[in-house]
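Structure assessment
What follows is the residue order along each chain.
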Amino acid sequence: MLSVPGSFSIAKSSHIKKASQLAENAEIAEPDSDSPISEQIRSAHSDRDRSRHKLIKNRERQDVSLNTEDENHLLENARVIATEGAYFVLRANDGSDIRAKTYKGTRASNPNSTLVAVGDEVRVSLKDSEHTMIEEVLPRRTKLSRRAAGTGLAFEQVVVSNIDMLVIVASVSEPKLRSGIIDRYIVAGLDGGLSIAIAINKIDLASPEEMDEALYFRDLYEEIGYRVLLVSAENGSGIDELRKVIEGKTSVFAGHSGVGKSSIMNAVFGREVGKTGTLQKKFRRGAHTTASTTLVEVDNMPGTFIADTPGVREFSNFELDTHNLKFAFIEFLPFAEKCAIRNCSHIHEPGCAVRQAVEDDKISIDRFSSYQKLFEEAKTEESKRINNQ
Ligand code: GDP
Ligand code: ZN
């Protein structure tokens, strides 16, 4: 078993689809048929490997047990814990870290998405100590995704996969607390199947007005059902509570640049880890220069992992959808049942019970404003998608 939480199902060959778009620096994955996976992997190997397989086949005729042994050696499960240039750093079953690459034969189960993301479980072929190839990326259980910038068509960029919890980090000041970004992340977290907690940082800096505001937002989000912690990475308050919230889980901290994500990570660890020093020395070289995500196990908390994501600065939600967006605002739902029109978008329809609830102060105007803003964004995206078809 892997030393990380979460169980992964092994993909059946019929579920493995072509990855139409790829991670940075990765080569194109082109599965040629729906033949059994072992056959696909074999056919994708180089000529040298083919002849090696011929040898194995010949041996197979003589001794069946030898073949089984070799197949076990050929494929092994591992989890991607970091990227390093064109390479991925994998945590193998025995807890050791290895470096691997994708190639033309790499099979992905997550179409129109990042080919290999940190957090993914993969199957690798161990050719020799120098060359480990990622043969197959298994389906993602959960994920935090964003829309890749600059692409005409919507392309899902997976920040990190197979995690349990999204900890949305905001700060009381520097930068000022804004619920818009929190709501944007809540939508992304719910879309990706994550549980959600909110950490409001820098309470040591809060003026009385800023503290009032922090308490207002704490009550608002707690009432909706999300755990909210007031913390200070600077003086350590709330950090023990945060440790309890993430214990035994794999979490990702996300939020605006400067809110204190890496400082909080350092406070949780009690040492420097955020943005630096999270990788074994031998893998550090490339990870520093590129904005890459790293999965780190918290000291003295076995099974507790944090995804260090220095790359999440700007965040656009992946594939916002005007029909589904309202379901991410879970406190609207009891009112939505009373809207005059079925499938009411709560934007313009007459007799809208959600807008009435906003007027009656039963739904927060901040949350409704976030909904309106994201709805407009979803509409723009949808028309772009139609134009691109
Ligand atoms: P990130 O971009 O979200 O990772 O933010 P950093 O962790 O790099 O922090 C940004 C700045 O805020 C740094 O100068 C930190 O020292 C400072 N900072 C972070 N947390 C706190 C805090 O709890 N209180 C105070 N006063 N400053 C903090
Ligand atoms: Zn409505």
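As the structure is a prediction and not an experimental result, all values here were calculated from the model.

Attention now moves to the coordination of the zinc ion (ligand 2). Around the zinc ion (ligand 2), the protein contributes the donor atoms Cys339 (SG), Cys344 (SG), His346 (ND1) and Cys352 (SG), which lie 2.1 to 2.4 Å from the metal centre. Its four donor atoms give the zinc ion (ligand 2) angles of 104 to 113 degrees at the centre, a pattern that matches the tetrahedral case. All donors of the zinc ion (ligand 2) come from a single chain, and their spacing in sequence reads C-x4-C-x1-H-x5-C.

What follows is about the pattern of salt bridges. Under the definition given, this model contains 15 salt bridges. A salt bridge links Asp120 to Arg140, with the shortest nitrogen-to-oxygen separation between them at 2.8 Å. In this pair, Asp120 is assigned in the loop between β4 (107-108) and β5 (121-126) and Arg140 in the loop between β6 (132-137) and β7 (143-147), connecting sequence segments 20 residues apart. Relative accessible area serves as the criterion here: at 0%, Asp120 is assigned to the buried category. For the salt bridge of Arg367 with Glu331, the shortest nitrogen-to-oxygen distance reads 2.7 Å. In this pair, Arg367 sits in helix α11 (residues 365-388) while Glu331 sits in the loop between β14 (305-308) and α9 (333-336), placing the two residues 36 residues apart along the sequence. Comparing Arg367 with Glu331, the two get one shared label, buried. Look at the salt bridges and you will find they share partners, linking Asp183, Glu331 and Arg367 into a network.

Below, the discussion takes up the environment of Lys362. By secondary structure assignment, the location of Lys362 is in the loop between α10 (353-359) and α11. Residue class for Lys362 comes out exposed when judged on its relative accessible area of 56%. Taking C-alpha positions, Lys362 is 9.5 Å from Phe335, a pair spaced 27 residues apart along the chain.

This next bit is on α11. Here α11 is 24 residues long and its end C-alpha atoms lie 35 Å apart, about the 34 Å a rise of 1.5 Å per residue gives. Here α11 has its buried residues at Arg367, Phe368, Ser370, Tyr371, Leu374, Phe375, Ala378, Glu381 and Glu382. The inward-facing, buried residues of α11 abut β7, α4 (179-191), α5 (208-224) and α10.

What follows covers the site of ligand 1. Within the structure, ligand 1 sits among 16 residues, and Asp204, Gly258, Lys261, Ser262 and Ser263 are positioned closest to it. Glu234 is positioned with one of its backbone polar atoms (N or O) 3.1 Å from an oxygen atom of ligand 1. Here an oxygen atom of ligand 1 and a backbone polar atom of Gly260 are 3.0 Å apart. Relative to its unbound accessible surface of 580 Å², ligand 1 loses 73% to contact with the protein. Ranked by residues supplied to the shell around ligand 1, first place goes to helix α7 (residues 261-269) with three residues. Tallied by class, the residues present in the shell around ligand 1 amount to three nonpolar, eight polar and five charged.

Cut-off values and rules
Residues numbered from 1 in each chain as written. Chains lettered and ligands numbered in written order. Predicted model: local features only at pLDDT ≥ 70, side-chain atom pairs only at ≥ 80, totals over all residues. Heavy atoms only, no water. Donors = N, O, S within 2.8 Å, 3.2 Å for Na, K, Ca; no water. Tetrahedral: all angles 85-135°; square planar, octahedral: opposite > 155°, others 65-115°. Salt bridge = Lys/Arg side-chain N within 4 Å of Asp/Glu carboxyl O. Helix = DSSP H or I, 4+ residues; strand = E, 2+ residues; numbered from the N terminus. Buried < 20%, exposed > 50% of the residue type's maximum accessible area, 1.4 Å probe, protein only. Expected span 1.5 Å × (residues − 1). Contact = heavy atoms within 4.5 Å. Near = heavy atom within 4 Å. Polar contact = N/O pair within 3.5 Å; in protein donor to acceptor, adjacent residues only side chain to side chain. Areas by Shrake-Rupley, 256 points an atom, 1.4 Å probe, with all protein chains shown as cover. Nonpolar A, V, L, I, M, F, W, Y, C, P; charged D, E, K, R; others polar.

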